Structures are given as structure tokens and as C-alpha cells.
Amino acid sequence: MAQSSSEHRISRRALLRGTAVGAGAVALPALLTACGGPSDEVKVGSNASDAVPRKAFAEVFDAYEKKSDKKLKVNTVNHESFQENINRYLKGTPDDVFMWFAGYRMQFFAKQGLLAEISDLWKGFKGFSDALKQQSTGEDGKQYLVPYYYYPWAVFYRKSVFQQHGYEIPKTFDEYRALAKRMDKDGLDAIAFGDKDGWPAMGTFDYLNMRANGYDFHISLMGGKESWTDPKVKQVFDLWRGLMPYHQKGANGRTWQEAAQSLAKKKSGMAVFGLPHPGQQFPEADRDDLDFFPFPEIDSAYGQDAVEAPIDGFLLSKKSKRQKQGKELLKYLATPAAEEIYLKRDPNNIAVNEGASTSSYNTLQKKAVELIANAKQISQFMDRDTRPDFASQVMIRAIQQFINSPNDIDSLTKNIESQKKTIFTSD
């Protein structure tokens with residue numbers, strides 16, 4: 001079941017000393033079936049299907065093969081399909097090592113006995129904070145994850161667009177809404193928006209909830225401990241409904257990549273994204289024009305204290321017949337050198353190992369580190385802070401339904417609550 005609020009908290013300084021989505025399209029089970037190969041060849045399940053991270057990981061894995069003289073077989077699957085099918089993947093014939101997430105979503109599968117414990121490796125790890133270790137630990141107190149990088153979510157925009165129109169960075173929700181209205185009058189889609197894959201809009205809900213009701217309430221809601229019919233939750237949807245006229249229309253038929261491209265093409269004014277998302281869609285020549293600001297304050301009691309900053313990493317399947325070889329790969333992935341190779345190719349994330357060099361960080365990466373440093377609480381993202389089945393089976397459909405018809409909040413929240421009760425009492 002869900003963790004307590006204190007178990008989710010990450011010390012902001014500790015995170016920096018050692019820190020560094022979502023479900024979607026349905027795929028055939030075969031997409032997440034481990035590849036064949038020699039018995040000593042370690043199979044790696046990768047959800048890095050987008051061009052930039054895929055190339056970056058290819059260089060990391062190539063470096064490992066050269067260093068160890070061992071062979072890897074990488075099975076890359078569409079990111080959303082990987083998430084949607086992870087349960088049957090792990091219960092079927094999974095790859096030896098695979099990419100996944102820290103926190104609750106890791107703990108969920110560890111509790112089911114589907115992950116191999118790597119506490120022995122953690123005894124030798126260096127450069128990881130206690131906060132990272134906590135996010136890599138199951139409910140049984142044992143470690144299962146090798147964290148690799150993290151990335152904060154914020155509101156992204158093009159500096160040249162703001163300069164052209166004389167826009168100012170909004171610090172409050174009222175200023176944010178007023179800015180959106182002004183952008184709309186200027187002929188822009190104020191907020192670039194694509195939720196075809198089901199998970200991108202979750203980031204907006206998370207921020208609205210944490211800004212309006214605070215981090216503790218948000219984590220408690222994600223843990224199934226609060227009612228979705230609570231007036232606090234209805235207020236979140238009501239705030240979002242007030243912004244809907246300024247979002248790109250047809251969001252449920254648009255991918256996040258397409259939404260990011262509209263920002264790059266100056267057709268949209270701003271967008272709620274994770275650090276890697278817009279950067280991957282911007283031409284290299286325009287990267288310096290990309291910037292972000294923290295999601296605006298709604299209630300001064302909570303300010304901008306909470307920051308969404310998911311941590312990604314690697315896990316070893318309990319079913320793997322190559323436990324020793326898999327652990328050798330994980331040991332390498334936990335080194336500063338492995339992270340440095342990746343970040344040279346993909347400058348859209350933040351290294352988790354304190355030994356990794358930050359000399360190559362661009363302006364956005366440095367700003368992202370500062371954003372995390374100033375945060376009082378860190379959330380992992382809706383589909384990581386709650387049960388995977390609740391996120392994929394209930395919240396994806398509920399949010400997409402809200403996007404299509406944002407006026408019937410009472411029926412929407414009642415339906416979510418009914419399904420939540422069934423799921424959170426199912427085991």
C-alpha cells in the first residue's frame with residue numbers, strides 16, 4: 001500500500017548531494033518480451049524510445065561492453081507501451097535488467113516479489129545520498145533500484161516570445177491565468193497541451209493540487225487515504241477548468257512531442273513539462289531560447305514549496321537467470337562515469353551521483369538544480385506516487401474525460417472515488 005508522507009519526503013540538500021512517465025498506449029504483450037541471445041548475454045529492457053535518450057543509452061551500454069568485455073542485448077520498447085504493459089512483462093519473461101522508476105512504483109513490484117534485491121551492491125555504492133537510498137528501498141527495507149538521473153517539472157517557455165510581447169513571469173495563479181488570457185488575445189495557444197499518451201496532463205493536476213492543498217494532502221490523496229469527492233479535490237479541477245479555454249484544443253489526440261513542437265515553433269506561449277521533454281523537441285540552434293519558471297503559487301500557505309522531480313533508474317528482474325551478470329551491469333550504471341557518458345548526449349536530465357561532473361551542464365540544467373535546492377518537498381509524479389493500476393486504469397481515463405468535458409466535476413470525482421475504493425482495498 002501507499003507510503004506515509006514522511007516516507008515520500010526528500011531532503012532538498014540531501015537530494016542535491018546525491019540526486020539526480022506515465023502510462024499510455026496499449027501494446028501487444030510481445031512488445032515486452034525479452035529478446036533471445038547467448039546465455040551469458042545480459043538482456044536490457046529499455047523504455048528510452050525517443051531519439052535523444054536512445055542514442056545516449058546506446059553510448060553508455062557500448063562503453064560498458066568495451067570496459068567489461070561482456071555483451072548486452074538491448075530491447076527498446078515505446079515508452080508508453082512499456083509502462084502500460086510492465087505488469088505482464090514482469091510476470092512473463094522479462095529482460096534481466098530494465099529501466100524503471102524510484103519510489104512507490106518500484107516498491108509495488110518489489111512487494112510482489114518480482115524484483116531482485118540488490119542491498120549487497122548498495123553497501124559498496126558511493127555518491128548516493130540517504131534520500132536517494134530511501135527512494136530505492138522497498139517496504140521491506142531492502143534496496144532494489146540503481147538511481148540514474150532525475151528531472152524537475154516546471155512551466156516552459158521561449159524567452160524570445162516573452163520578450164517580443166512584453167510578457168512577465170507569473171508568480172501567482174491569478175497572474176498565470178491573466179498571462180494565458182493575454183497570450184490568447186495575441187493569437188497564441190497560451191498553453192501547449194498534449195495528453196494522447198495519458199500521463200502528460202498528470203503533471204498539471206499534481207501542481208494544482210500541491211499548490212492549492214499542499215504536498216501532504218497530495219501524497220495522502222495519491223495513497224488512497226483521501227476522498228476524491230473532497231471539496232479540496234473539486235477545487236483543483238475547478239481551477240483547472242478555469243484554465244481550459246487557454247489550453248490547446250484537442251489535447252487527447254495530440255502527443256506531448258507535438259505539444260512541445262508547437263512551443264518550439266512559437267505557436268504556443270508556455271507548457272507544463274518535465275525538463276527533458278521540450279529540450280528533445282527543440283532544434284539545437286534554439287536551445288538557448290528555452291527557459292522555465294516554477295508552477296505559480298495558489299495558496300500562500302504552500303507557496304511554491306513542492307517540486308515534481310521524478311527519479312529514473314534500473315532494476316534487476318527476480319526471474320533473471322543472469323543475476324551475477326546483471327549485478328555487474330548495475331554496478332557500472334551506478335558510477336559517475338556511466339552518468340557522464342549519458343549526459344554528454346542528453347543534456348536534459350540531472351545526474352544523481354555526487355561524483356558525476358557538472359561542468360558540462362547547460363543553463364537549464366543549472367537552473368533545474370537550483371529549483372530542486374529551493375524545494376521543501378519533492379514529489380515523484382502522479383503515476384509514480386500512487387498505485388500503477390490506479391494511475392493507468394482510473395486516472396488516465398478520468399483526466400482525459402475531464403479534458404473533453406470539464407464541467408461535470410461532481411460526477412467525475414464521484415466516479416474516481418468509487419473506483420479508488422475498489423482498487424485500494426483489492427489486496
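Above this note sits the structure.
Remember, predicted model here, so these are calculated numbers, not experimental data. (Residues numbered from 1 in each chain as written. Predicted model: local features only at pLDDT ≥ 70, side-chain atom pairs only at ≥ 80, totals over all residues. Heavy atoms only, no water.)

Participant: Explain the packing of aromatic side chains to me, and be specific about the residues and the numbers.
Facilitator: Summed over the entire model, instances satisfying the criterion amount to 38 aromatic pairs. Summarising the aromatic geometry, the rings of Phe108 and Phe109 are spaced 5.3 Å apart at their centres and angled 85 degrees between planes, so their arrangement reads as edge-to-face. Accessibility classification places Phe108 together with Phe109 in one group, the buried group. Centroid distance Phe162 to Tyr167: 5.4 Å. Interplanar angle 85 degrees. Geometry classified as edge-to-face. For the pair shown, Phe162 and Tyr167 are each scored as buried. The structure contains a cluster of three or more aromatic residues connected by ring pairs, namely Phe57, Phe61, Tyr148, Tyr149, Tyr151, Phe314 and Tyr342. (Phe/Tyr/Trp six-rings, centres within 6.5 Å; stacked < 30°, edge-to-face > 60°. Buried < 20%, exposed > 50% of the residue type's maximum accessible area, 1.4 Å probe, protein only.)

Participant: Which residues make up the sheet that holds strand E3 (residues 97-101), and what values go with them?
Facilitator: Here we have 6 strands laid out as an open sheet, ordered E2-E1-E3-E10-E4-E11, and mixed in their pairing. With one partner strand each, in any of the chains shown, strand E2 (72-76) and strand E11 (350-351) form the two edges of the open sheet. Pairing analysis gives 5 bridges linking strand E4 (residues 145-150) to strand E10 (residues 311-316), with the strands arranged antiparallel. Note that in E10 the partner of Leu145 across the bridge is Leu315. Along the sheet, helix H6 (residues 104-111) makes contact with E3, E4 and E10, crossing E3 at roughly 130 degrees. In this fold helix H17 (residues 336-345) packs onto E4 and E11, with an angle of close to 35 degrees to the strand it touches most, E4. (Pairing = 2+ DSSP bridges. Helix = DSSP H or I, 4+ residues; strand = E, 2+ residues; numbered from the N terminus. Contact = heavy atoms within 4.5 Å. Axes fitted to C-alpha atoms, helices over the stretch in contact; angles between N-to-C directions.)

Participant: Could you give an account of the sheet that holds strand E8 (residues 290-293), with specific residues and numbers?
Facilitator: Adjacent strands of a sheet pair through backbone hydrogen bonds, lying either parallel or antiparallel. Read across the sheet, 4 strands follow the order E6-E7-E5-E8 without closing on themselves; strand pairing throughout is mixed. The open sheet has two edge strands, strand E6 (189-191) and E8, and neither has a second partner. The average angle at which neighbouring strand axes cross in this sheet is 35 degrees, direction not considered. Relative to strand E7 (residues 268-274), helix H14 (residues 256-264) is tilted by about 140 degrees, and along the sheet it contacts strand E5 (153-158), E7 and E8.

Participant: Let's hear about H14: which residues, and what values?
Facilitator: Taken across its 9 residues, H14 has 7 buried, putting it largely inside the fold. For H14, the full list of buried residues reads Trp256, Gln257, Ala259, Ala260, Ser262, Leu263 and Ala264. At the exit of H14 stands Lys266, carrying a positive phi of roughly 65 degrees.

Participant: Tell me what's going on with empty space enclosed by the protein, and back it up with residues and numbers.
Facilitator: Rolling a probe over the atoms, with the probe sized like a water molecule, indicates the empty space that remains. Taken as a whole, the second largest cavity spans an internal volume of roughly 110 Å³. Forming the walls of the second largest cavity are 13 residues, and the residues nearest its centre are Ile191, Ala192, Phe193, Thr204 and Val272. Within the lining of the second largest cavity, the residues separate by chemical class into 10 nonpolar, 3 polar and no charged. (1 Å grid on protein atoms, 1.4 Å probe; cavity = no way out; pocket = protein on both sides within 12 Å on 5 of 7 lines; lining within 4 Å. Points joined across faces, edges and corners; volume = space filled by probe spheres on them. Nonpolar A, V, L, I, M, F, W, Y, C, P; charged D, E, K, R; others polar.)

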